[in-house]
Amino acid sequence: MPDERFERGMLVRRAVLGEEHVARAQANATELTRDFQELITRYCWGEVWTRPGLERKTRSMLVIAMTAALGRLEELRLHIRGARNTGVTRDEVREVLLQVAIYAGVPAANSAFAQAVAVYREMDEEAEA
């Protein structure tokens, strides 16, 4: 019997992070990580991201702020890249990171801005190719 939450989660995960990223994550899943991949798909993407209380764009900006504040730079990079799929502009990312500077500290925002610059540079190079 298919798990409806998992299926909803895969749809949202693909829409936000991109088909290529999700396919790579699935292909790289091991016996050790497979259950974790299913857990985040089911609960993060299929339960929380599909709730009606916030728009996808708002959720995206919140994740950017929280991952920046926590210094989770790999996740931050992933969600800055995914923000293009949720309608978050580069200007809005800048504003989110300025909020991070005030509420989570300048060092956290400084690292986050450096990651954003690198991600946008990569995205621009990919677009030119």
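Scroll up for the structure.
Rules used throughout
Residues numbered from 1 in each chain as written. Predicted model: local features only at pLDDT ≥ 70, side-chain atom pairs only at ≥ 80, totals over all residues. Heavy atoms only, no water. Helix = DSSP H or I, 4+ residues; strand = E, 2+ residues; numbered from the N terminus. Rg over C-alpha atoms; globule rule 2.2 N^0.38 Å. Buried < 20%, exposed > 50% of the residue type's maximum accessible area, 1.4 Å probe, protein only. Expected span 1.5 Å × (residues − 1). Contact = heavy atoms within 4.5 Å. Core = buried A, V, L, I, M, F, W, Y, C linked by side-chain atoms within 4.5 Å.

Peer 1: Honestly, the overall build of the protein in this entry has me stumped. Any pointers?
Peer 2: The secondary structure content of the protein amounts to seven helices and zero strands. Across the protein, helices and strands are ordered from the amino to the carboxyl terminus as α-α-α-α-α-α-α. For a compact globule of 129 residues, the expected C-alpha radius of gyration is about 14 Å, and the protein comes in at 15 Å, within 12% of that figure. Here the C-alpha coordinates of the protein stretch approximately 50 × 35 × 30 Å along the principal axes. Burial analysis of the protein (129 residues in total) assigns 36% to the buried set.

Peer 1: Quick question: what am I supposed to make of helix H7 (residues 106–128) here?
Peer 2: An α-helix turns once every 3.6 residues. As a result, residues three or four positions apart point the same way. Its 23 residues place the ends of H7 33 Å apart at the C-alpha level, agreeing with the 33 Å of an ideal helix rising 1.5 Å per residue. Among the residues making up H7, those that are buried are Ala108, Ala109, Ala112, Gln115, Ala116, Val119, Tyr120 and Met123. Summarising the contacts, the buried residues of H7 are in contact with helix H4 (56–70), helix H5 (73–82) and helix H6 (90–104).

Peer 1: I tried to follow the nonpolar core on my own but got confused; where do I start?
Peer 2: One recurring pattern in soluble globular proteins: nonpolar side chains tend to sit buried together. Counting 18 residues, the largest nonpolar core has Ile64, Ile80 and Leu97 as its most contacted members. Elements supplying a minimum of two residues to this core: H4, H5, H6 and H7. The element best represented in this core is H7, accounting for seven residues. Setting aside anything within four residues of it in sequence, one finds Ile64 in contact with Leu76, His79, Ile80, Ala83, Val93, Val96 and Leu97.

Nothing here speaks to function; it is geometry throughout.
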